[in-house]
Amino acid sequence: MTTPKTFHVKSFGCQMNVYDGERMGELLAAGGLAVADAADADLVVLNTCHIREKATEKVYSDIGRLRKGGREPMIAVAGCVAQAEGPEIARRAGVDIVVGPQAYHNLPTLVAKAAAGESALDTDMPAASKFGALPARRRVGASAFLTVQEGCDKFCTYCVVPYTRGAEISRPWSAVVDEAKALVDAGAKEITLLGQNVNAWEGVDEAGRTQGLDGLIRALDRLPGLARIRYTTSHPNDMTQGLIDAHREVESLMPFLHLPVQAGSDRVLKAMNRSHSRDSYLRILDRVRVSRPDIALSGDFIVGFPGESDAEFEETLALVDAVAYAQAYSFKYSPRPGTPAATMEGAVLPEVMDERLQRLQAALNRDQAAFNAGTIGRRCDVLLERPGKLPGQLIGKSPWLQSVHLVSDAAIGDLTSVDIVAAGPNSMTGAAVIRAAA
Ligand code: SAM
Ligand code: SF4
């Protein structure tokens, strides 16, 4: 196999994978490779997700598609499928490189090995962090991701993350602050701090004080040029009062909270090893709403966890009614090999899961439409991120993470004042506020 000159990175799954994909791209570009489309690239990196069976299957169908027409690009499988399946994926799909989420800083070495016809597998979880071995951030968009925390020690019984991403670790204070400064210098106006349990982040500041995520957010709020801060995903048990207060006190912290609950029944939550109850979760949201009344709430749900009865599922619907989420993600339970839930009794029939998911999604869509309708008539800042399809149209995000379409002569990267005038199922229409000349 020859040494590749061009590359393409395709990321599946969560925002942490999007971030890792960007960092892998920067690493390959720093080594002199040029970006290309997947159909032409000499090296294709599939940055995979293992969270549900469907996500895993996508990788195998993508590998087949890349080889259509007799093309033989060098294929690297990165991410959580690489970590979980290791050499098995090289054997099953004949890929050239397998690299786990904690080892991708070694990608250039693995590419050289694969080009020399050697085995190129690295799924180590080294003690030293990969971040120090990555090149500095290059140009980024108006809104950028920054991973501050990785891994998970919560061991929810359905979830592969603690096995594929390893133990919970926080990146050091100075590393995060330096990367945030680099992102602002590279053009970011908004930074979303990422972690599997981002609100479990902990570090020691320049003065030697231990800080939680709220302390980090307050420090980033002081960075000149950074207009907006977001964070995701949070765990209910790590939702400190300091972080809740930050939603009232820190102007650049956007009024949006993604706080997965998974189910509304205490028995199911216990079987999931969620370590919060329905009530403790609802009490957290009450405190958050006191701190920031206009906050947009988001969540994750799993339907059809083993043993979930009709009555228990109704408790999930009742919780949704009680919260009125601005948006949410919902999934059918997918057994993951090696997790405790995969061997639990009481599998829910596929048709029952389908019906529950449909009912849940109908309730979530209803609440999303109501939330969106409730923002019509509000004036807010929109961070313009990309052009729309129509002439002069731009698309950006409201403080509540809604996509807003508007016609404006402002530039991408601008924060512009907008009146929200209409709501569609997935996006809002805005009218640019024309400022009277002084
Ligand atoms: N750490 C976050 C948390 O605790 O909510 C998110 C982890 S995971 C990447 C994102 C979502 O995938 C979870 O919140 C859960 O709803 C869903 N998920 C995880 N494992 C699943 C499984 N085996 N079947 C279906 N959905 C799953
Ligand atoms: Fe998975 Fe639970 Fe950890 Fe979230 S908290 S990553 S769902 S084990």
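Overview of the structure. (Residues numbered from 1 in each chain as written. Chains lettered and ligands numbered in written order. Predicted model: local features only at pLDDT ≥ 70, side-chain atom pairs only at ≥ 80, totals over all residues. Heavy atoms only, no water.)

**As for the site of ligand 2**
Neighbouring ligand 2 are the residues Cys152, Lys154, Phe155, Cys156, Tyr158, Cys159, Val161, Pro162, Gln196, Asn197, His235 and Arg274. Broken down by class, the residue content of the shell around ligand 2 amounts to 7 nonpolar, 3 polar and 2 charged. (Near = heavy atom within 4 Å. Nonpolar A, V, L, I, M, F, W, Y, C, P; charged D, E, K, R; others polar.)

**Some thoughts on the packing of helix H8 (residues 213–221) against helix H9 (residues 241–249)**
With their axes 8 Å apart at the nearest point, H8 and H9 run at an angle of 25° to one another. As judged from the angle between their axes, H8 and H9 are roughly parallel. Here H8 and H9 pass one another in a crossing that is left-handed. Taken together, the residues of H9 that come into contact with H8 (itself represented by Leu213, Asp214, Ile217 and Arg218) are Gly242, Leu243, Asp245, Ala246 and Glu249. (Axes fitted to C-alpha atoms, helices over the stretch in contact; angles between N-to-C directions. Helix = DSSP H or I, 4+ residues; strand = E, 2+ residues; numbered from the N terminus. Parallel < 35°, antiparallel > 145°, perpendicular 65-115°, else oblique. Left-handed = near helix turned anticlockwise from the far one by under 90°. Contact = heavy atoms within 4.5 Å.)

**Notes on the sheet that holds strand S21 (residues 427–432)**
Reading around the barrel, the 5 strands line up as S17-S18-S19-S21-S20 and close back on themselves, with mixed pairing between neighbours. Across this sheet, the average inter-strand angle for adjacent strands is 55°, counted without regard to direction. Pairing geometry for strand S18 (residues 393–397) and strand S19 (residues 403–407), over 5 bridges, is antiparallel. Bridge pairing in S19 links Gln393 to Val407. (Pairing = 2+ DSSP bridges.)

**Quick word on the layout of surface pockets**
A volume near 310 Å³ is recorded for the second largest pocket. As for the second largest pocket, its lining consists of 16 residues, and the residues nearest its centre are Arg228, Glu251, Met254, Asp381 and Pro399. If one sorts the elements of the lining of the second largest pocket by residue count, strand S17 (residues 379–387) sits on top with 3 residues. Considered class by class, the residues forming the lining of the second largest pocket number 8 nonpolar, 1 polar and 7 charged. (1 Å grid on protein atoms, 1.4 Å probe; cavity = no way out; pocket = protein on both sides within 12 Å on 5 of 7 lines; lining within 4 Å. Points joined across faces, edges and corners; volume = space filled by probe spheres on them.)

**Observations concerning the pairing of strand S16 (residues 327–332)**
Sheet topology note: the strand S15 (residues 296–303)/S16 ladder contains 6 bridges and is parallel. Pairing of Val303 across the sheet is with Lys332, part of S16.

**Quick notes on the side chain of Thr6**
With respect to the secondary-structure elements, Thr6 resides in strand S1 (residues 6–11). A polar atom in the side chain of Thr6 sits 2.9 Å from the backbone nitrogen of Asp42. With near-sequence residues (within four places) excluded, Thr6 lies in contact with Leu33, Ala34, Ala36, Asp40, Ala41, Asp42 and Leu43. (Polar contact = N/O pair within 3.5 Å; in protein donor to acceptor, adjacent residues only side chain to side chain.)

**Structural notes on the sheet that holds strand S4 (residues 74–79)**
Across a sheet, paired strands are connected by hydrogen bonds in the backbone, their directions being either parallel or antiparallel. Reading across from one edge, S2-S1-S3-S4-S5-S6 is the order of the 6 strands in this open sheet, with parallel pairing throughout. The outermost strands of the open sheet, each flanked by one partner alone, are strand S2 (34–35) and strand S6 (120–122). Two elements, S1 and S2, share 2 bridges in a ladder whose sense is parallel. By the bridge assignment, Thr6 is partnered in S2 with Ala34. Of the strands in this sheet, S1, strand S3 (43–48) and S4 are in contact with helix H2 (residues 53–66), which crosses S3 at around 170°. Relative to strand S5 (residues 97–99), helix H5 (residues 107–115) is tilted by about 160°, and along the sheet it contacts S3, S4, S5 and S6.

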